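# Topology and contacts: notes
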Amino acid sequence: MKDKKIGISLGIVCFILALALTLQIRTMTIENSIVSQTFANDELKDNLLQWKEKYEKAVEQLDSSNKELDVIRKSASTNASNAEQKTAKIKENNMLLGLTNVEGEGVVVELADGKSSSLVLDASNLLIHDGNLREIVNELSNAGAEAIEINGQRIVNSTYITCAGNVILVNGEKISSPCTIKAIGQQERIVRSSRKSRRNITST
Amino acid sequence: MAILTIIIGSVLGILLGFLIPTIPYSVSKYLAIAIVAALDSVFGGIASSIKKNFDLKVFISGFFVNAIIAMLLTYLGQRLNVDIYLAAIIVFVGRMFNNLGIIRRYYLDKISKNFGKGKHK
């Protein structure tokens, strides 16, 4: 009876021991760990410390980045108000450069070569010359015209009006009679000013 | 009888050990200590049965209590950052060698007697 008891208890003990051993060996095989526990722990601690360091660095970076972002945001909000002024300026400049279409009241000057007549000795006096156009353009702009064009050629800073043989070149484009000069500006003022002008613009 | 139950128990334990899922790595160190303690108890039990002073209560209580205390000590060592489990391993393995020595001498004696030219140590 006693032997039986001992046998059964030994069997149970061996069962537990074998179970634990098998489990442990399987676990260790899966973990693929051949170093001792202390070494494994040390390695993990090293890793942990490294990661902590990295984390702290990342946090610092985040802080500085946030500060930068704040600065950029502030400057962006101030830029927004500047931007409106800049846009207005650009519009104005574009108009001056002739890059935009201009609408509004203005005057139209039409020029044509004179008809030939036996009374005129010099036939050249009958024709429109580049000088005539220049004078008119100058008069108009002095009178406050904001935008001027000759036969569809916008007069801008770099515009040149020159003569080449029997044609007039405006911006390199050939212009011939009849010429239509359109000027946008205060109508009244332009008309009055051109009337007041002493210059004899044209005699055609 | 005893040998038969030992074999059956071991085989069943190994089979079950392959069937159930593995334990987490952090727990495995406690299990390892428990295994060493249990091995010590088993060898102690065999040695005491050879010396004819085997006590079932002492054996069973030694088996479980030793394993549990070894695990608790390991846990305490972890908390205190001292490798207390080393002390447990030294004690258990030292006793294991003692018991193994007793078992070895017993069987050596037996074999020498059987061959009729034994010399007692």
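Residues numbered from 1 in each chain as written. Chains lettered and ligands numbered in written order. Predicted model: local features only at pLDDT ≥ 70, side-chain atom pairs only at ≥ 80, totals over all residues. Heavy atoms only, no water.

### Describing the layout of surface pockets
For the largest pocket, the calculated volume is near 510 Å³. As for the largest pocket, its lining consists of 18 residues, of which A:Leu10, B:Ala2, B:Ile46, B:Ser49 and B:Ile50 are closest to the centre. Put simply, the parts of the chain that give the lining of the largest pocket at least two residues each are helix 1 (2–31) of chain A together with helix 1 (2–19), helix 2 (25–50) and helix 4 (84–114) of chain B. Among the elements that line the lining of the largest pocket, the one with the most residues is helix 2 of chain B, at five residues. (1 Å grid on protein atoms, 1.4 Å probe; cavity = no way out; pocket = protein on both sides within 12 Å on 5 of 7 lines; lining within 4 Å. Points joined across faces, edges and corners; volume = space filled by probe spheres on them. Helix = DSSP H or I, 4+ residues; strand = E, 2+ residues; numbered from the N terminus.)

### What about the side chain of A:Thr159?
Residues and elements named next belong to chain A. By the secondary structure assignment, Thr159 is in the loop between strand 3 (153–154) and strand 4 (161–164). At 3.4 Å, the side chain of Thr159 forms a polar contact with the backbone oxygen of Arg154. What Thr159 contacts, discounting residues up to four positions off in sequence, is Arg154, Val170 and Asn171. (Polar contact = N/O pair within 3.5 Å; in protein donor to acceptor, adjacent residues only side chain to side chain. Contact = heavy atoms within 4.5 Å.)

### Description of the nonpolar core
Core analysis: the biggest nonpolar cluster contains 20 residues, and A:Leu133, A:Leu140, A:Ile148, A:Ile150 and A:Ile181 have the highest contact counts within it. Those elements giving two or more residues to this core turn out to be strand 1 (106–111), helix 3 (130–142), strand 2 (147–150), strand 5 (167–170) and strand 7 (179–184) of chain A. For this core, the leading source of residues is helix 3 of chain A, giving four residues. Dropping the residues within four chain positions of it, A:Leu140 is found in contact with A:Val107, A:Ala145, A:Ile148, A:Ile181, A:Ala183 and A:Ile190. Counting residues in hydrophobic clusters, the runner-up holds 14 residues, among them A:Ile6, B:Ile23, B:Leu31 and B:Phe54. (Core = buried A, V, L, I, M, F, W, Y, C linked by side-chain atoms within 4.5 Å. Buried < 20%, exposed > 50% of the residue type's maximum accessible area, 1.4 Å probe, protein only.)

### Let's talk about the interface of chain B and chain A
One frequently used descriptor of interface size is the decrease in accessible area upon assembly of the parts. Chain B puts 36 residues into the contact, and the matching count from chain A is 33 residues. The contact between chain B and chain A buries some 3000 Å² in all, and 76% of this surface belongs to carbon and sulfur atoms. Linking chain B to chain A there are zero salt bridges. Taken together, the links from chain B to chain A amount to five residue pairs in polar contact (both at pLDDT 80 or more). Of all the secondary structure elements, the ones that give two or more residues to the side of chain B that touches chain A are helix 1, helix 2 and helix 3 (56–80) of chain B. Ranked by residues supplied to the side of chain B that touches chain A, first place goes to helix 1 of chain B with 12 residues. Looking at side-chain class alone, the side of chain B that touches chain A contains 25 nonpolar, nine polar and two charged residues. (Buried area = accessible area lost by both parts, 1.4 Å probe. Salt bridge = Lys/Arg side-chain N within 4 Å of Asp/Glu carboxyl O. Nonpolar A, V, L, I, M, F, W, Y, C, P; charged D, E, K, R; others polar.)

### Comments concerning the pairing of strand 4 of chain A
Residues and elements named next belong to chain A. Where strand 4 lies against strand 5, four bridges are found, and the strand directions are antiparallel. Looking at the pairing, Thr162 lines up with Leu169 of strand 5. Counting the residues in the hairpin turn of strand 4 and strand 5 gives two residues, including Gly165, whose phi is positive at 70°. (Pairing = 2+ DSSP bridges.)

### Let's talk about the environment of A:Asn125
Along the chain, the position of A:Asn125 falls in the loop between strand 1 and helix 3. C-alpha of A:Asn125 to C-alpha of A:Leu96: the two residues are 29 residues apart in sequence and 34 Å apart in space.

### Focus on the pairing of strand 5 of chain A
Side-chain positions along a regular strand alternate between the two faces of the sheet. Residues and elements named next belong to chain A. The pairing of strand 5 with strand 6 (residues 173–175) spans three bridges and is classified as antiparallel. Bridge pairing in strand 6 links Leu169 to Lys174. Between the end of strand 5 and the start of strand 6, which pair antiparallel, lie two residues, with Asn171 showing a positive phi angle near 55°.

### Points about the packing of helix 2 of chain B against helix 4 of chain B
Residue and element names in this part refer to chain B. Interaxial distance between helix 2 and helix 4 falls to 9 Å at its minimum, and their mutual angle equals 25°. As judged from the angle between their axes, helix 2 and helix 4 are roughly parallel. The element helix 2 and its partner helix 4 pack so that their crossing is left-handed. When helix 2 is examined against helix 4, the residues Ile33, Val36, Ala37, Leu39, Asp40, Phe43, Gly44, Ile46, Ala47 and Ile50 are found in contact with a partner set consisting of Tyr85, Ile89, Phe92, Val93, Arg95, Met96, Asn99, Leu100, Ile102, Ile103, Tyr106 and Tyr107. (Axes fitted to C-alpha atoms, helices over the stretch in contact; angles between N-to-C directions. Parallel < 35°, antiparallel > 145°, perpendicular 65-115°, else oblique. Left-handed = near helix turned anticlockwise from the far one by under 90°.)

### Remarks on the domain arrangement of chain A
Domain boundaries in chain A define domain 1 (2–73) and domain 2 (106–196). Averaged C-alpha coordinates put domain 1 of chain A and domain 2 of chain A at centres separated by 93 Å. (Domains from an automatic or database assignment.)

### Quick look at the packing of aromatic side chains
One pass over the structure, following the stated rule, counts three aromatic pairs over all chains. Between B:Phe54 and B:Phe59, the ring centres sit 5.4 Å apart and the planes meet at 45°, which makes this aromatic pair tilted. Comparing B:Phe54 with B:Phe59 shows no difference in burial state: the two are buried. Seen in terms of ring centroids, B:Phe63 and B:Phe64 are 5.0 Å apart; in terms of plane orientation they differ by 90°. Their pairing is edge-to-face. The class of B:Phe63 is buried, set by a relative accessible area of 3%. One Lys or Arg, A:Lys54, reaches over the ring of A:Trp51 and ends 4.4 Å from the middle of that ring. (Phe/Tyr/Trp six-rings, centres within 6.5 Å; stacked < 30°, edge-to-face > 60°. Lys NZ or Arg CZ within 6 Å of the ring centre and 35° of its normal.)

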